[in-house]
Amino acid sequence: MSPSYSRITSALLLLVLVNRSASSQSASPARTSQKPTPVRLSCDYARQLMVAEVTSRRVDTSIYVFKRRGDADETLLKLTDLALRSPRCPAAYGARGLVKQRLAQTDWPPKDAPGQKIGVAWREAAIYDLDLAAKGGGPAAVAAATAASKLLLPEKVDRPYLVREVGPELLAIPPAESEIPDTIRYWLRGRLAAWLWVPPTADSAFSRYLSSGGSRDRAALELARLRLARSAPGADSLYYTAAASTDTSVIKGLRADVALVAEPAELKAFDNLAAPARPAWLRGFWEKRDLDDVRPRGSRLREHYRRIGAARQRFRLLSYPRQYEQNELWINRDAEYDDRGLVFIRHGEPDTTVSALRAGACPNASWLYRRAEGNLIFHFVARQNPDDWRLVETLANVAGENGATTRIRQAGDLQRCAAIDGLLESRRTLDPIYAELVGNQSRRIWERELAVTTRSREVGTTTDSDLLRFHSTLNTAWRAYGLLGPRPGRGRALILMSVPGTALAPISQQPLAYGFQMRLVGRSGARVVELDSVRHLGVHQAPTADQMVTFTTEIPLPPGSWNLAVALQQQRDSAGEVLRDSDVPVPDVGGQSLALSDIVLGDERGGRPWNAPDGSFPLSSTGTYAQGEPIPIYYEVAGARSGSDIQSEVTFVRDDGKGRSVIKFGERMDSPVARVRRDVNTSKSKPGRYSLTVRIKTADGRTAQRETTLIVSDKSKK
């Protein structure tokens, strides 16, 4: 060998070593400066890789180690060849996917080469390959489906669109016997089915997970979520079993579910709970909502998970974190659902939904929830992404043209939506203000509309509800009277209900009868009274349009100020309503202070007879009297010394302060309870709304007072 040839060879070797050294300095964790030991690629080895991915079983993983980019390309090529050769080897697709999962840790982009594709990120390609392996069947199908599920479902799902696309195919893989432990594969299968909201499949998987030795608490939470949504027996027991867990993942899951409706103070209280106290706290959290909405206990918990299931199907976001423009109203960056879903979980299905779909316009919808204290109206628009609906401030923001008085419009340019012809007309059913805007789009009217939607947003996004809904309203006239009880510590409430003839639907014709279901909830501090009953009322002839069917309910209550709510529903046609009285004082016959009952109004001309302690008393159904008609009143007094005299003063005055009359009289306390009846003369009372006040005074100067309201009508209109 000549000296010149030797020098050239040495120089070439040095150049190669320098290049290899430079390459190794920029290598990612998937690369190495050591030459990997070749592995023998086979279907069995590919299957072992997938099993190891989910079980951490020891296996030769040198296939994941690359010295240079060319090594990665070569490995992907070999696995592609293995998958396609005869006999076919679907497991090789799965191994190829696991290789791509490791390549996601490098800065090498996919390219146009066998086993890879430009523009498809390594992590997405990994899922697609594992899905191919699962659909290919064979001994590795379950391992591939399990490995794919694991990659799809990290603690926080970061590619929801991919779960939606690939998940159903993975669930379609029959859960055959596998060397992967059931506690792993059925757990992942259950999570996937729950995410996609396929409750029967998820329930079966979590049940199998539990029976195979899985965590009792984790299974309890997952099964509770599924079964509560379907009102399955025993679901609440599973929920409260999970609530007592010390497993941090279970606690985190419970908190995430509660956070969808809880107030900040409630979440803070949850965070401070010890495990033994958590079940009782959660029970109180949900049952308080039941009582607020006059529902049977346990209803709100079931409804919450039903709504979550529906939101997973209808309102799930397919990409996040969400991107927000300046000054958007309701920021939920990491929410699993769009803004419609978040409102839906709080309040359920809206009473009315409307939209205006036009070519080139942004998808839009408006929701109405009817509320006695003021309707809630929400406007949603999908501006940048058809799957990401945002709550906007006003209907003007749907098209971005009219009503330029809003904070968003003033804040700067937004992603614009095309103007929509007929937008205001489409919202006429939501509120009369939109009918006004059809004819006059003045700034003043738009400001009023903004006030309506602002209040709706402030109330609707900070509260939650599950109000009873009825086919139609009964327009029931009702009164709740707090009365003295038979002994100390015992009071009673008399509830009078009158349903107008125009709303009645009989449950039978022969004999003629009407039926009602009634649920009553009374609360006084921590005390709660609940009553469920069915009333069947027989009548001799059908009431005319101006007549009523009246009935009473009398319940014992401890003394105190009671908040009463009654849900009344007609059995024949489901018409009904919820009636509320937030302050019904029930006096104590044995109290130290002077006690005075509510003032019970009577009606001498056809009032419903009530069996009062001192005899029959005709109850007024409406509290309305024709001018000149006497007003019978009844009340009870206790707490005065037996044998002493008490002075009563009855004041009758119109709301405008006119037409005032006063009646004064004395009564002797011959028994512990005095029951007083008097008639109030209306012969000189002009039509209007009146206050009737009873004030009593004992000889030693103690006083008590009660007030009620009534109507005096024109005699000719009675």
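Residues numbered from 1 in each chain as written. Predicted model: local features only at pLDDT ≥ 70, side-chain atom pairs only at ≥ 80, totals over all residues. Heavy atoms only, no water.

Caption draft 1: Just the packing of helix H10 (residues 216–229) against helix H12 (residues 248–259), in detail. Contact geometry of H10 with H12 gives a least axis separation of 9 Å together with a crossing angle of 20°. One finds that H10 runs roughly parallel with respect to H12. Classified by chirality, the crossing of H12 by H10 is left-handed. Contacts between H10 and H12 pair Asp217, Arg218, Leu221 and Arg225 from the former with Ser249, Val250, Gly253, Leu254 and Asp257 from the latter. Looking at side-chain class alone, the contact of H10 with H12 contains three nonpolar, two polar and four charged residues. (Axes fitted to C-alpha atoms, helices over the stretch in contact; angles between N-to-C directions. Helix = DSSP H or I, 4+ residues; strand = E, 2+ residues; numbered from the N terminus. Parallel < 35°, antiparallel > 145°, perpendicular 65-115°, else oblique. Left-handed = near helix turned anticlockwise from the far one by under 90°. Contact = heavy atoms within 4.5 Å. Nonpolar A, V, L, I, M, F, W, Y, C, P; charged D, E, K, R; others polar.)

Caption draft 2: View of the sheet that holds strand S19 (residues 645–654). With respect to topology, five strands assemble into an open sheet ordered S17-S23-S22-S19-S20, the strand pairing being mixed. At either margin of the open sheet sits one strand with a lone partner, and together these are strand S17 (624–626) and strand S20 (661–668). Each neighbouring strand pair of the sheet contributes to a mean axis angle of 30°, computed without reference to strand direction. Judged from the three bridges that link them, S17 and strand S23 (residues 703–713) form a sheet pairing that is parallel. Looking across to S23, one finds that Tyr625 is bridged to Val712. (Pairing = 2+ DSSP bridges.)

Caption draft 3: Spotlight on the pairing of strand S12 (residues 576–586). The pairing of strand S11 (residues 560–570) with S12 spans nine bridges and is antiparallel. Across the sheet, residue Leu564 finds its bridge partner in S12, namely Asp581. Here S11 hands over to S12 after five residues, with Ser574 in that stretch at a positive phi of 65°.

Caption draft 4: Layout of the side chain of Thr352. Among the secondary structure elements, Thr352 is positioned in strand S1 (residues 352–354). Judged by relative accessible area, which is 15%, Thr352 ranks as buried. (Buried < 20%, exposed > 50% of the residue type's maximum accessible area, 1.4 Å probe, protein only.)

Caption draft 5: Structural context of the sheet that holds strand S10 (residues 548–557). Across the sheet, three strands lie side by side as S5-S6-S10; this open sheet has antiparallel pairing. With partners counted over all chains shown, the strands left at the sheet margins are strand S5 (477–484) and S10, one partner each. Taken pair by pair, the neighbouring strands of this sheet meet at an average axis angle of 15°, ignoring direction.

Caption draft 6: Molecular detail of the packing of H10 against helix H11 (residues 235–243). With their axes 8 Å apart at the nearest point, H10 and H11 run at an angle of 145° to one another. The element H10 and its partner H11 pack so that their crossing is left-handed. Contact residues: H10 offers Arg216, Asp217, Ala220, Leu221, Leu223, Ala224, Arg227 and Leu228, while H11 offers Ala235, Asp236, Leu238, Tyr239, Thr241 and Ala242.

Caption draft 7: Fine view of the state of the cysteines. The full count for this structure, using the stated rule, is one disulfide. Note that Cys43 is cross-linked by a disulfide to Cys89, the S-S spacing being 1.9 Å. Taken together, the residues span a long stretch of sequence, with Cys43 in helix H2 (residues 43–55) and Cys89 in the loop between helix H3 (69–84) and helix H4 (91–103) at a distance of 46 residues. Using a relative accessible area of 33% as the deciding quantity, one classes Cys43 as partly exposed. (Disulfide = S-S within 2.5 Å.)

Caption draft 8: Local environment of the nonpolar core. Formed by 107 residues in total, the largest nonpolar core has its most connected members in Tyr239 and Trp286. In contact with Tyr239, not counting residues within four places along its chain, are Ala224, Leu228, Leu254, Val258, Leu282, Trp286, Leu301 and Tyr305. Ile599, Tyr690, Val694 and Ala704 belong to the second largest nonpolar core, which has 35 residues in total. (Core = buried A, V, L, I, M, F, W, Y, C linked by side-chain atoms within 4.5 Å.)

Caption draft 9: Examining unusual backbone geometry more closely. With an omega of -5°, the peptide bond running from Ser86 to Pro87 counts as cis. Structurally, Pro87 can be placed in the loop between H3 and H4. With an omega dihedral of 0°, the bond running from Gln510 to Pro511 counts as a cis peptide bond. Structurally, Pro511 can be placed in the loop between strand S7 (508–509) and strand S8 (512–524). For Ser56, which is not glycine, the phi dihedral falls at a positive 60°. Exposure remark for Ser56: the relative accessible area of 66% places this residue in the exposed category. Within the chain, Trp197 stands out as a residue other than glycine whose phi angle is a positive 60°. Following the sequence through the fold, Trp197 ends up in the loop between helix H8 (182–196) and helix H9 (199–211).

Caption draft 10: Representation of H3 in the model. Compared with an ideal rise of 1.5 Å per residue, which puts 16 residues at 22 Å, H3 spans 23 Å between its outermost C-alpha atoms and is within 8% of the ideal. Within H3, the full set of buried residues consists of Arg69, Asp71, Ala72, Asp73, Thr75, Leu76, Leu79, Thr80, Leu82 and Ala83. Contacts made by the buried residues of H3 are with H2, H4 and helix H5 (122–135). (Expected span 1.5 Å × (residues − 1).)

Caption draft 11: The arrangement of the pattern of salt bridges in detail. Applying the stated criterion across every chain, the model contains 55 salt bridges. The residue Arg295 makes a salt bridge to Asp466 at a minimum N-O spacing of 3.3 Å. On the criterion of sequence distance, the pair formed by Arg295 in the loop between helix H14 (278–292) and helix H15 (299–314) and Asp466 in the loop between helix H21 (443–460) and S5 is long-range, its members being 171 residues apart. Its salt-bridge partner being Arg307, residue Glu303 comes within 2.7 Å of it at the nearest N-O pair. One end of the pair is Glu303 and the other is Arg307, both in helix H15 and four residues apart, which spans about a single turn. Like Arg307, Glu303 is buried. Through salt bridges with shared partners, one network takes in Arg295, Glu303, Arg306, Arg307, Glu349 and Asp466. (Salt bridge = Lys/Arg side-chain N within 4 Å of Asp/Glu carboxyl O.)

Caption draft 12: Local environment of the pairing of strand S22 (residues 688–698). As paired elements, S19 and S22 share nine bridges and run antiparallel to each other. By the bridge assignment, Thr651 is partnered in S22 with Thr693. Alignment of S22 against S23, held across ten bridges, turns out to be antiparallel. Across the sheet, the residue bridging to Ser691 is Thr709, located in S23.

Keep in mind that these numbers describe shape and distance, not what the molecule does.
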